[in-house]
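Commentary on secondary and tertiary structure
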Amino acid sequence: MGSESGRVKRGEQSRISQWLRRRPKAAPEDPGKEREALLVAVAAAGLPVAPAAHPAGYRCSCDRIGCPTPARHPVSFAWQTQSTTDRAQIERWARNQPQANFITATGMVHDVLDVPLEAGRSALERLLAAGVEVGPVAESGGTGDQARMLFFTATRGTPEDEDEWWPCELDCHPETMDEHPGLRWHCRGSYVLLPPAALPGDFAVTWVRDVRHALPDPLTLLETLTDACARYAGTAEQTPSAVAWPLGR
């Protein structure tokens, strides 16, 4: 009886082992699906999206020889009108351009306060400790001043007195961050790369806090961010290199 029982148990274990070997393994996460879901979530939050270039080795996927901002710029010169929150269009772009990065056009629904990564991390820690409502935040990798932190905020819209917010047409754009290491305010006519984005040199743009967080008024973050940038720049005074006016008109 004992030997029979032993044979039955061994038989059952053998069948279970065979079943486990035959059972299909859980499919690994599809990075394309994850990327698409993140882009759709951004659009659902009201942030307009458009395709951007992507890395081709250490170069850019665009045709420009010696592109100064590889994988950091929109594909089309018409990116402002092309930007959309239409889910079907974004899904088509994501599926038809599996390597593409994406930008979001600022100044329509949201602005972005763009600061050096070290200053941004310090400011984020201070803001959260103070109980300030901080919205979505992303990190953009890179070397030196290319490493940035992006604070997504509600847009300031169009003030009655435009000189208050747009005193001049700046000669700096998202691709000239090396010349403006301090805080840069992306509003009308500007854009930032959206997570997830790949950059040359195995760098990336990733969410620290995603779009499930509500967009705050930029003024609630501004003092802490400018102070962090001043400290980063090695001075307690706000200077043109520490604070840049909003980008775009």
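Residues numbered from 1 in each chain as written. Predicted model: local features only at pLDDT ≥ 70, side-chain atom pairs only at ≥ 80, totals over all residues. Heavy atoms only, no water.

1. A few points about the overall build of the protein
Helix and strand counts for the protein stand at six helices and 12 strands. Counting all 249 residues of the protein, 45% fall into the buried class. Long-range pairs, those at least 24 residues apart, make up 79% of the contacts in the protein with a sequence separation of at least 6. When the accessible surface of the protein is split by element, carbon and sulfur atoms take 51% of a total near 13900 Å². (Helix = DSSP H or I, 4+ residues; strand = E, 2+ residues; numbered from the N terminus. Buried < 20%, exposed > 50% of the residue type's maximum accessible area, 1.4 Å probe, protein only. Contact = heavy atoms within 4.5 Å. Areas by Shrake-Rupley, 256 points an atom, 1.4 Å probe, with all protein chains shown as cover.)

2. Topic: the pattern of salt bridges
Summed over all chains, the structure comprises nine salt bridges. Across the pair D217 and R156 runs a salt bridge, and its minimum N-O distance is 3.3 Å. Residue D217 is located in the loop between β11 (203-209) and α6 (219-232), and its partner R156 is located in the loop between β7 (148-154) and β8 (183-186); the two are separated by 61 residues in the primary sequence. Classification of D217 by relative accessible area gives partly exposed; the value is 34%. Three or more residues are tied together by salt bridges with common partners; here these are D114, R148 and R184. (Salt bridge = Lys/Arg side-chain N within 4 Å of Asp/Glu carboxyl O.)

3. Concerning the confidence of the model for the protein
Per-residue confidence for the protein averages 80 on the pLDDT scale, and 72% of its residues sit at or above 70. Low pLDDT, under 50, characterises residues 235-246; the stretch is placed with 26 contacts to residues that sit more than four places away or in other chains. (pLDDT = per-residue confidence, 0-100.)

4. Let's talk about the packing of helix α2 (residues 31-44) against helix α4 (residues 87-96)
The N-to-C vectors of α2 and α4 enclose an angle of 150°; their axes lie 10 Å apart at closest approach. Taken as axis vectors, α2 and α4 run roughly antiparallel relative to one another. α2 and α4 meet at a crossing whose hand is right-handed. Across the interface between the two elements, K33, R35, E36, L39, V40 and A43 from α2 touch R87, I90, E91, A94 and R95 from α4. When grouped by side-chain class, the residues that make up the contact of α2 with α4 number five nonpolar, no polar and six charged. (Axes fitted to C-alpha atoms, helices over the stretch in contact; angles between N-to-C directions. Parallel < 35°, antiparallel > 145°, perpendicular 65-115°, else oblique. Left-handed = near helix turned anticlockwise from the far one by under 90°. Nonpolar A, V, L, I, M, F, W, Y, C, P; charged D, E, K, R; others polar.)

5. Side note on the sheet that holds strand β4 (residues 101-105)
Spatially, β1-β4-β9 is the arrangement adopted by the three strands of the open sheet, whose pairing is antiparallel. Whereas interior strands pair on both sides, the edge strands pair on one side only; in this sheet they are β1 (49-52) and β9 (191-193). Within this sheet the neighbouring strands show an average axis-to-axis angle of 35°, counted without direction. Note that β1 and β4 share four bridges and pair antiparallel. (Pairing = 2+ DSSP bridges.)

6. Examining the packing of aromatic side chains
Summed over all chains, the structure comprises three aromatic pairs. Seen from their ring centres, W79 and Y191 are 4.9 Å apart, and the 75° between their planes marks the pair as edge-to-face. Taken as a pair, W79 in helix α3 (residues 79-82) and Y191 in strand β9 lie far apart in primary sequence, 112 residues in all. There is no split in this pair, since W79 and Y191 are both buried. Here W93 and F102 contribute two aromatic rings whose centre-to-centre distance is 6.5 Å and whose plane-to-plane angle is 40°, an arrangement assigned as tilted. (Phe/Tyr/Trp six-rings, centres within 6.5 Å; stacked < 30°, edge-to-face > 60°.)

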